[in-house]
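Architecture at a glance
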Amino acid sequence: MKLFSSVNDVSNIYQLVAEARAQKQTPFADEVLGKHKTLGLIFLNPSLRTRLSTQKAALNLGMQVMVMNLDKEGWALETQDGVIMNGTTVEHIREAAGVMGEYCDIIGFRSFSGLVNRDEDYSEDIFKKFVKYCGVPVISLESATRHPLQSLADLITIEELKKTARPKVVLTWAPHVKPLPQAVANSFAEWMNKIDYDFVITHPEGYDLAPEFVGKATVIYNQNKALAGADFVYVKNWSSYQNYGKILTAGEGWMMTNKKLNLTNNAGVMHCLPVRRGLELSDEILDGPNSLVLNQANNRVWAVQAVLKMCLTQILSEGEGLSEMSI
Amino acid sequence: MKLFSSVNDVSNIYQLVAEARAQKQTPFADEVLGKHKTLGLIFLNPSLRTRLSTQKAALNLGMQVMVMNLDKEGWALETQDGVIMNGTTVEHIREAAGVMGEYCDIIGFRSFSGLVNRDEDYSEDIFKKFVKYCGVPVISLESATRHPLQSLADLITIEELKKTARPKVVLTWAPHVKPLPQAVANSFAEWMNKIDYDFVITHPEGYDLAPEFVGKATVIYNQNKALAGADFVYVKNWSSYQNYGKILTAGEGWMMTNKKLNLTNNAGVMHCLPVRRGLELSDEILDGPNSLVLNQANNRVWAVQAVLKMCLTQILSEGEGLSEMSI
Amino acid sequence: MKLFSSVNDVSNIYQLVAEARAQKQTPFADEVLGKHKTLGLIFLNPSLRTRLSTQKAALNLGMQVMVMNLDKEGWALETQDGVIMNGTTVEHIREAAGVMGEYCDIIGFRSFSGLVNRDEDYSEDIFKKFVKYCGVPVISLESATRHPLQSLADLITIEELKKTARPKVVLTWAPHVKPLPQAVANSFAEWMNKIDYDFVITHPEGYDLAPEFVGKATVIYNQNKALAGADFVYVKNWSSYQNYGKILTAGEGWMMTNKKLNLTNNAGVMHCLPVRRGLELSDEILDGPNSLVLNQANNRVWAVQAVLKMCLTQILSEGEGLSEMSI
């Protein structure tokens, strides 16, 4: 694997989930794979779970890790081509990416959506430029429109805990005070659409995700109806895609509560975190037996460890190929 | 050891000091203990000595270390229960601690005093919640009311250098321009009270520490009288406990100088650093032969290394217990 | 080697370049050298290339690395002696350096020029004080007036690619919107003057470097004339030394372009990065075949790895000496 930016970069998601679950059983079984290999983690905005889980997974695989919070430790990157850089941007992404590629065998990169210009965000221009100019395998640590490591961890969590072959999974919008990207919701939908689950999305009108992410999911604007008989409920806020980046409603009545949980098939309740208590999810659910949020957080390690292993395997096999050629 | 938050968590402080001194002699003797174990260091405010000494000690023990400056790299934590999180706090300490517990075998955590609400600070609410929700052994890297790793390093320093079995140790208040917590002074007093030294505290009136920390110490408001015959003088500023968080006096005449040193038994002069030269301590003392501040800083490594070893030993023995059970 | 702060600390630069090129061929050949040795990297201002390349080199040598961004993670240092520290500086460099020396076997330290007081900057007061008080070998990660690791990487790059024994190397000033230090230019000149190249410096009048750095270089104010027949062109902005820290001209016509490249001997074009595209260097050059900026960035690893190896070798030989003495 040379790029992990969406579910479309995965040739066999069942095999990837199986690999992640195998890593979870024996976390240090492949620690020789990463010897003398360096992972660079580049963040353009803050991270807790993603940074720590990726760092941990890389260490489990015997890699060295270098973390760079470019927003805090570095400077503003120029991402437009052909401009005269006489303003506040200090370095062009062409050079920054190229340099980091010189120092790292694999790079994890996090960009983010500006939530102002939809075309710009959905073009994934910054992420794609970074991939192009760094010249080494890249793993998305979240980009403007997707968060594939989160989605893989979510899928692992459902696969571990599902009681039927084809569970009903509901992605439900939840209220928030800040406009948030659609990345986690998009990505979750994208992965669910690749798996043969009964997948439903529910949200107030006006919050429809982009058609390419909705895919074959059933969309229901009535949350209670959507939740009926659900085995897993994924709670997440996102801002409007149509009225791009806007908050359209306070979302009264959309918080996930125990009362709503009664409508489900005793569903496991999921959230990618950080979560706003009392707004997105009630305390009673987060502190109760149905919450799977820590399971998801734990599975972030095994998700990225499986992806890193695939990248390392490819690097090593190419290295062997080169050695053979040079014989 | 599953918690190191105060001297009360230590069953035998003599044994702990002996362990620290043994680690100092052979820093890498136990490097197999930490193999495949991860230490998370979580800071809610800046750190120099504590971060570097703890990182170094953990590496000496063969551990992996992940550092998270939550104040700089992360976001504001909510610590109150039952609130609707529709303000500026992004994540509740229940989830943040729980997640970090998923990624780390041991966590070092630093919280701090707000110096506004005494009851809140002295309840150690944030620190205790973190311990409760992270679910793994926790080492205090300083909390609102205590700094036990500093105190242990201080004790090691005195034990290494004392010339009599029962030295006279004087904790003296010093002037400062900013209101500082009582944590270092409280903690030093707490540890001194556990050891059979001749322990004296001196400060201007109004600066009395909380009774539970003063304990059996002799309190003298006249600094010169207190310093008479001292073998060790610990210099430290703190703000008022009674008039909570306030600076009551500029403290003219309370700076430790060579002239005052003449009153002592050629005392070793200690400070936890950072120190304000010319305000808390004179240049002549800090640059002279009686200063022990670098000895203390060095002993921070062995203090935390001894504590980490005790945590690792317990984790490993429990792991063996589990293995036996699962046979 | 106990200090690497300028070319004058190097006894044999040809040998150092050869060592760096050997490290590049077999990056892990000396990984046993750094076992149980800790490198501290202390930054007083942001760094991308220097931090990552040095971290990577140290890991290649088997060292542990601790990074401290004092400007972001720490606090303001006092550097003047004899002051009463009742202002905003929290810790004196004497203590800060001394403490870090207790935790590290080698320290990389980055200070910077204020560009206000020339005598202060050119005295290298902060850097020298850090070296004096930390008590362990120090490697400059750039200081007020020099950037020796960059210059060594530049020299390696030229040595690798030169087609004649004595290439013509031109250091040319370039426009910028911010006043920048002279450090990179000074340092490059200093290293070039030690090597038997044909070395030319060109810049608008008023931008002459300090005489001790210009040395035996030919200075030509006409850029086109200077570039004639150049084998390597080093492009870099700096602010005025005479009119200290000032920008004297917008520098119209001084940007390096393909048109100017035609005047050269198909020169390799160098820059230390970060570079302002469209201002210092044209896109066409940076994206074209003559750009060596990524070669230089890559060689930063081998430059510092060679320097670190020399420091480690000395530490280990002294350690053996001590062991022999103690037998």
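A short tour of the structure in this document, coming up. (Residues numbered from 1 in each chain as written. Chains lettered and ligands numbered in written order. Predicted model: local features only at pLDDT ≥ 70, side-chain atom pairs only at ≥ 80, totals over all residues. Heavy atoms only, no water.)

**Quick notes on the overall build of chain A**
Secondary structure summary: chain A contains 13 helices and twelve strands in total. The C-alpha atoms of chain A give a radius of gyration of 20 Å, which matches the 20 Å a tight globule of 327 residues would have. Principal axes of the C-alpha set define a box for chain A whose edges measure 65 × 50 × 30 Å. In chain A, buried positions account for 63% of the 327 residues. Accessible surface computed for chain A: about 11900 Å², of which carbon and sulfur atoms make up 51%. Here chain A contributes 32 positively and 36 negatively charged side chains, and the mean placements of these two sets differ by 5 Å. (Helix = DSSP H or I, 4+ residues; strand = E, 2+ residues; numbered from the N terminus. Rg over C-alpha atoms; globule rule 2.2 N^0.38 Å. Buried < 20%, exposed > 50% of the residue type's maximum accessible area, 1.4 Å probe, protein only. Areas by Shrake-Rupley, 256 points an atom, 1.4 Å probe, with all protein chains shown as cover. Lys, Arg positive; Asp, Glu negative; His and termini not counted. Charge placed at Lys NZ, Arg CZ, Asp CG, Glu CD.)

**Some remarks on the interface of chain C and chain A**
If you look at the interface, chain C gives 30 residues, while chain A gives 30 residues. For the pair chain C and chain A, the summed buried surface comes to about 2800 Å²; carbon and sulfur atoms form 57% of the total. Contact with chain A buries surface across chain C, with Leu48, Arg276 and Arg277 of chain C losing the most and accounting together for 22% of the total. Applying the counting rule to chain C against chain A returns four salt bridges. Inspection of the chain C/chain A interface yields 13 residue pairs in polar contact (both at pLDDT 80 or more). Of all the elements in the fold, those that place two or more residues in the side of chain C that touches chain A are α2 (49–60), α12 (283–286) and α13 (293–326) of chain C. Considering each element in turn, the side of chain C that touches chain A owes the most residues, seven residues, to α2 of chain C. Among the residues forming the side of chain C that touches chain A, the class breakdown is 14 nonpolar, six polar and ten charged. (Contact = heavy atoms within 4.5 Å. Buried area = accessible area lost by both parts, 1.4 Å probe. Salt bridge = Lys/Arg side-chain N within 4 Å of Asp/Glu carboxyl O. Polar contact = N/O pair within 3.5 Å; in protein donor to acceptor, adjacent residues only side chain to side chain. Nonpolar A, V, L, I, M, F, W, Y, C, P; charged D, E, K, R; others polar.)

**A few points about the sheet that holds strand β9 (residues 198–202) of chain A**
All names here are of chain A. The five strands are arranged β10-β9-β8-β11-β12 in an open sheet whose pairing can be described as parallel. Since the sheet does not close on itself, it has two edges, and those belong to β10 (218–220) and β12 (268–270), each with one partner. Mean inter-strand twist for the sheet, computed between neighbouring axes without regard to direction, equals 20°. Across three bridges, strand β11 (residues 232–236) lies against β12 in parallel orientation. Opposite Val233, over in β12, you have Val269 as the bridge partner. Of the strands in this sheet, β8 (168–173), β11 and β12 touch helix α7 (residues 148–161), which is tilted by about 155° from β11. (Pairing = 2+ DSSP bridges. Axes fitted to C-alpha atoms, helices over the stretch in contact; angles between N-to-C directions.)

**Quick word on the side chain of Lys236 of chain C**
Residue and element names in this part refer to chain C. Checked against the element boundaries, Lys236 lands in strand β11 (residues 232–236). Buried within the structure, Lys236 lacks any salt-bridge partner; Glu280 is the closest side chain of opposite charge, at an N-O distance of 5.0 Å. Residues within four places of Lys236 in sequence aside, it is in contact with Leu171, Thr172, Trp173, Ala174, Leu180, Val184, His271, Cys272 and Glu280.

**Remarks on the relation of the copies chain C and chain A**
The operation relating chain C to chain A is a screw motion whose rotation component is 120°, with 0.0 Å of axial translation and a residual RMSD of 0.0 Å. Such values leave the two copies arranged in the relation of a three-fold axis. Rotation axis and chain C: the residue whose C-alpha lies nearest the axis is Lys72 of chain C, separated from it by 4.5 Å. Of the interface residues in chain C, just 3% have counterparts in chain A that sit at the interface too, so the contact is made through distinct surfaces. (Least-squares fit on C-alpha atoms with pLDDT ≥ 70 in both.)

**Some remarks on the interface of chain C and chain B**
Contacts between the two partners involve 30 residues from chain C, matched on the other side by 30 residues from chain B. Taking both sides of the interface into account, the surface hidden between chain C and chain B amounts to around 2800 Å²; carbon and sulfur atoms contribute 57%. Our count for the contact surface shared by chain C and chain B stands at four salt bridges. On the surface where chain C and chain B come into contact, there are 13 residue pairs in polar contact (both at pLDDT 80 or more).

**Some thoughts on the sheet that holds strand β8 (residues 168–173) of chain B**
Residues and elements named next belong to chain B. Pairing in this open sheet of five strands is parallel, and the strands run β10-β9-β8-β11-β12 from one edge to the other. Each end of this open sheet is capped by a strand with a single partner; those strands are β10 (218–220) and β12 (268–270). Between one strand axis and the next, the sheet turns by 20° as a mean value, whatever way the strands run. Across the sheet, helix α7 (residues 148–161) lies against β8, β11 (232–236) and β12, angled at about 155° from β11, the strand it touches most.

**Observations concerning the relation of the copies chain C and chain B**
Copies of the same chain, two in number, are related to each other by a rotation about an axis and a translation along it. Relative to chain B, chain C is turned by 120° and slid 0.0 Å along the rotation axis, the superposed coordinates differing by an RMSD of 0.0 Å. Here only 3% of the contact residues of chain C are again contact residues in chain B; the copies associate through non-equivalent surfaces.

**Looking at the environment of Ser151 of chain C**
Residues and elements named next belong to chain C. Within the element layout of this structure, Ser151 appears in helix α7 (residues 148–161). Owing to a relative accessible area of 1%, Ser151 belongs among the buried residues under this scheme. Between the C-alpha atoms of Ser151 and Trp191, which are 40 residues apart in sequence, the distance is 6.6 Å. Non-local contacts of Ser151, meaning those with residues more than four positions away in its chain, are made with Ser187, Phe188 and Trp191.

**Here we look at the pattern of salt bridges**
Side-chain pairing between opposite charges can occur once the charged atoms of the two side chains come close. In total, this model carries 52 salt bridges over all chains according to the counting rule given. The partner of Lys309 of chain A in a salt bridge is Glu19 of chain A, and the shortest N-O contact between them spans 3.3 Å. Remark: Glu19 of chain A occurs in helix α1 (residues 13–25) and Lys309 of chain A occurs in helix α13 (residues 293–326); sequence separation between them is 290 residues. Overall, the relative accessible area of 18% leaves Lys309 of chain A in the buried class. Its relative accessible area of 19% is what places Glu19 of chain A among the buried residues. Taking the shortest distance from any N to any O, the salt bridge between Arg146 of chain A and Glu190 of chain A comes out at 2.9 Å. Here Arg146 of chain A is found in the loop between β7 (138–140) and α7, whereas its partner Glu190 of chain A is found in helix α8 (residues 183–194), with 44 residues between them in sequence. Each member of the pair, Arg146 of chain A as well as Glu190 of chain A, is classed as buried. In this structure, a network of salt bridges that share partners links the residues Asp81, Arg94, Glu95, Asp125 and Lys129 of chain A together with Arg277, Asp283 and Asp287 of chain C.

**Section: the pairing of strand β9 (residues 198–202) of chain B**
All names here are of chain B. Burial analysis of β9 places four of its five residues in the buried class, the great majority of the element. The sheet contact formed by β8 and β9 spans five bridges and is parallel. Note on β9: the bridge partner recorded for Val170 is Val200. Between the parallel pair β8 and β9, the chain is carried across by helix α8 (residues 183–194), and the sense of this crossover is right-handed. Note: β9 against β10, three bridges, orientation parallel. If you follow Ile201 over to β10, its bridge partner there is Val219. (Right-handed = clockwise from strand over helix to strand, strands pointing away.)

**With respect to the packing of aromatic side chains**
Per the stated rule, a full pass over the model turns up 30 aromatic pairs over all chains. The interplanar angle of 45° and the centroid separation of 6.0 Å between the aromatic rings of Phe109 of chain A and Phe127 of chain A together place this pair among those described as tilted. You can see Phe109 of chain A sitting in strand β6 (residues 106–110) and its partner Phe127 of chain A sitting in helix α6 (residues 125–134), a full 18 residues away along the chain. Judged by its relative accessible area of 0%, Phe109 of chain A falls in the buried class. In this structure Phe127 of chain A comes out as buried when scored by relative accessible area, which is 4%. Note on Trp173 of chain B and Tyr207 of chain B: the rings are 4.6 Å apart at their centroids and 40° apart in plane angle, and the pair reads as tilted. (Phe/Tyr/Trp six-rings, centres within 6.5 Å; stacked < 30°, edge-to-face > 60°.)

**Observations regarding unusual backbone geometry**
Residue Leu273 of chain A is joined to Pro274 of chain A through a cis peptide bond whose omega torsion reads 0°. Tracing the sequence through the fold places Pro274 of chain A in the loop between β12 and α12 (283–286). With respect to the element layout, Leu273 of chain A can be found in the loop between β12 and α12. Positioned with a positive phi, Glu124 of chain C is a non-glycine residue whose angle comes to about 50°. Among the secondary structure elements, Glu124 of chain C is positioned in the loop between α5 (118–123) and α6 (125–134).

**Describing α2 of chain C**
Residues and elements named next belong to chain C. For α2, built from twelve residues, the straight-helix expectation of 16 Å at 1.5 Å per residue is met to within 8% by its first-to-last C-alpha distance of 16 Å. Counting buried residues along α2, twelve of its twelve residues qualify, which places the element largely inside the surrounding structure. Of the residues making up α2, those classed as buried are Arg49, Thr50, Arg51, Leu52, Ser53, Thr54, Gln55, Lys56, Ala57, Ala58, Leu59 and Asn60. One or two residues past the end of α2 sits Gly62, with phi positive at roughly 80°. (Expected span 1.5 Å × (residues − 1).)

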